[in-house]
Amino acid sequence: MSVSALPRPSEVPRPPPAAPGRPAPGRPRRPLPVVRWLRPGDREVLWLYLVTRLGIWATAAAVGRLFPSDGESRRPAPLLASWSASGALISFVAGGVAVLSLARIARARPGGDDGARRAVAFLLVSPCAVFLAAGYTESLFLALALPAWLAAQRQSWAAASVLACLACSVRVTGLFLAAALVLHFLLTARTRATWRSAPWLVLPALPALLFSWYLHAWTGDWMAWKHSQERGWYRDFHLPWEAWAHTWTAAFGHAHPTGYALMWQAELLAMVTGVVLLAVLVRRRHWPEALYVALTLWALGTSYWYTSLPRSTLLWWPLWISLAGWSLGRPWVRSAYLYVAGPLCTTVAITFLTGRWAG
């Protein structure tokens, strides 16, 4: 072919211009920055999270129609209104952050991505999982506490302390997290540079101090929150075996309606689960996680009777990671858990959504 036979640049066909908002043909589509930040395992975890959210929302919609407050109602009550919509939105976003963080903590353990998926699945199908979708503090606390734990594992103590401080502003349980971070620091600090980060670990105590100062300024009582808990929920100090005995009587003594008795039975089961988890963590010498669980059990297990223990299991991330590790190579463990926890999750959700005491 002669040079004169070659097409001129102006005669070379060009692709049609791209439509507004679409990439040019032949040019790969760039993922959004958030998507680029996510690993494939993270995207699988988020998909699992969205699917379980759809299940809970579907359950809430069905409950509103099947169990209306007015039995003669012809129109279902709105699912979300006013503050409940805000609470659900905050929990939805925070829950996504929480499951991503849980997956990344679990991914560093034996099992990798498979273990991470199992840990997240076990959390999202746990009996009290409805509280991760409702306007409660569990999702927001986990969205701060689990990244704090990740930062501590990476020796980023300033970030860990700031996140733990924010977690303490959400729940008093954050103080137990702060204690676990301090122990983790003492067990892992090896260099002078690391020890220079030690003052950061005081920061998580600030929210509790400021809250106590606020209460004193308005009520004259530094411990007004604790005293209100004692008056309203019988959360004054009792020895652990006394609390167990009082809860056992409430659960099996036929002194309360069956619905309340069942919830106290769940409290006892949650306490047994927590003690077993603590024993496993101590045996494996996971001392910081063991301290976190032990402080939680002590705080909830030394009142007149147990209250809110089942809901607190959502905050025991070592439980879900341990279950995931136990299920690896044992298919029956995962099957047994899902077949039992799934119906219980729906039962607790219906109980909560119909205004009864749950968790």
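Note that the structure is a prediction, hence the values are computed from the model and not measured. (Residues numbered from 1 in each chain as written. Predicted model: local features only at pLDDT ≥ 70, side-chain atom pairs only at ≥ 80, totals over all residues. Heavy atoms only, no water.)

Peer 1: Looking at this structure, I do not really get the overall build of the protein chain. What am I missing?
Peer 2: For the protein chain, the helix and strand inventory stands at 16 helices and zero strands. Here the protein chain holds 359 residues, and 40% of them are scored as buried. (Helix = DSSP H or I, 4+ residues; strand = E, 2+ residues; numbered from the N terminus. Buried < 20%, exposed > 50% of the residue type's maximum accessible area, 1.4 Å probe, protein only.)

Peer 1: I would appreciate a short explanation of the packing of aromatic side chains in the present structure.
Peer 2: Where two aromatic rings form a pair, the distance of their centres and the angle of their planes describe that pair. Summed over the entire model, instances satisfying the criterion amount to 21 aromatic pairs. Ring geometry for F122 versus Y337: centroids 4.6 Å apart, planes at 50°, classification tilted. Within this pair, whereas F122 is found in helix α4 (residues 112-124), its partner Y337 is found in helix α16 (residues 331-353), the two being separated by 215 residues in sequence. As far as burial versus exposure is concerned, F122 and Y337 are alike and both buried. (Phe/Tyr/Trp six-rings, centres within 6.5 Å; stacked < 30°, edge-to-face > 60°.)

Peer 1: What should I look at first to understand helix α9 (residues 206-219) in this one?
Peer 2: Each full turn of the α-helix corresponds to 3.6 residues, which orients residues three or four apart in the same direction. Here α9 contains 14 residues, and its C-alpha end-to-end distance of 20 Å stays within 8% of the 20 Å for a straight helix at 1.5 Å per residue. Positive phi shows up at G220, right after α9, with a value of about 80°. (Expected span 1.5 Å × (residues − 1).)

Peer 1: Where do I start with the layout of surface pockets in this structure?
Peer 2: The method is simple in principle: a probe with the dimensions of a water molecule rolls over the atoms, and the space it marks as empty is what remains. Approximately 1400 Å³ is the volume found for the largest pocket. Taken together, 45 residues line the largest pocket, and the ones lying closest to its centre are V172, W225, Q229, R235 and L300. Mapped by element, the contributors of at least two residues to the lining of the largest pocket are α6 (157-170), α7 (174-188), α9, α10 (224-233), α13 (287-300) and α14 (309-312). In this structure, the second largest pocket occupies an estimated 1100 Å³ of space. If you tally residues by element for the lining of the second largest pocket, the top one is helix α12 (residues 258-283), at twelve residues. Split into classes, the residues belonging to the lining of the second largest pocket amount to 26 nonpolar, eight polar and two charged. (1 Å grid on protein atoms, 1.4 Å probe; cavity = no way out; pocket = protein on both sides within 12 Å on 5 of 7 lines; lining within 4 Å. Points joined across faces, edges and corners; volume = space filled by probe spheres on them. Nonpolar A, V, L, I, M, F, W, Y, C, P; charged D, E, K, R; others polar.)

Peer 1: What am I meant to see in the environment of T188 here?
Peer 2: Within the secondary structure, T188 is located in helix α7. Between the C-alpha atom of T188 and that of A152, which follows or precedes it by 36 residues, the distance is 9.8 Å. Setting aside anything within four residues of it in sequence, one finds T188 in contact with Q155 and W157. (Contact = heavy atoms within 4.5 Å.)

Peer 1: Help me understand the nonpolar core, please; the structure alone is not making it clear to me.
Peer 2: Ranked by internal contacts, the top residues of the largest apolar core, which has 71 residues, are L177, Y292, L309 and W317. Top contributing element to this core by residue count: helix α5 (residues 138-153), with ten residues. (Core = buried A, V, L, I, M, F, W, Y, C linked by side-chain atoms within 4.5 Å.)

Peer 1: Is there a simple way to explain the environment of V282 in this structure?
Peer 2: Along the polypeptide, V282 turns up in helix α12. Note on V282: relative accessible area 36%, which makes it partly exposed. The contacts of V282, once residues within four sequence positions are left out, are W287 and A290.

Peer 1: Please explain the pattern of salt bridges as it appears in this structure.
Peer 2: Between side chains of opposite charge, a pair can form as their charged atoms come close. Across all of its chains, the model carries ten salt bridges by this definition. One salt bridge in this structure joins R107 and D42, with 3.4 Å as the shortest N-O distance. Highlighted residues: R107 in helix α3 (residues 83-107) and D42 in helix α2 (residues 40-66), separated in sequence by 65 residues. Among the residues examined, R107 registers a relative accessible area of 16% and is labelled buried. With a relative accessible area of 0%, D42 lands in the buried category. Across the pair D113 and R107 runs a salt bridge whose closest N-O atoms are separated by 2.5 Å. Here D113 falls in the partly exposed class, since its relative accessible area comes to 34%. Salt bridges here are not isolated pairs; linked through shared partners, they connect D42, R104, R107 and D113. (Salt bridge = Lys/Arg side-chain N within 4 Å of Asp/Glu carboxyl O.)

Peer 1: So what exactly am I meant to see when it comes to the state of the cysteines here?
Peer 2: One covalent bond between the sulfur atoms of two cysteine residues makes up a disulfide. This structure, assessed with the given rule, holds zero disulfides. Cysteine C168 remains unbridged, with the sulfur of C165 as its closest cysteine sulfur at 6.6 Å. According to the relative accessible area criterion, C168 is buried, its value standing at 12%. C128 provides the cysteine sulfur closest to C345, a residue in no disulfide bond, and the two sulfurs are 8.6 Å apart. Residue C345 is classed as buried on the basis of its relative accessible area, which comes to 11%. (Disulfide = S-S within 2.5 Å.)

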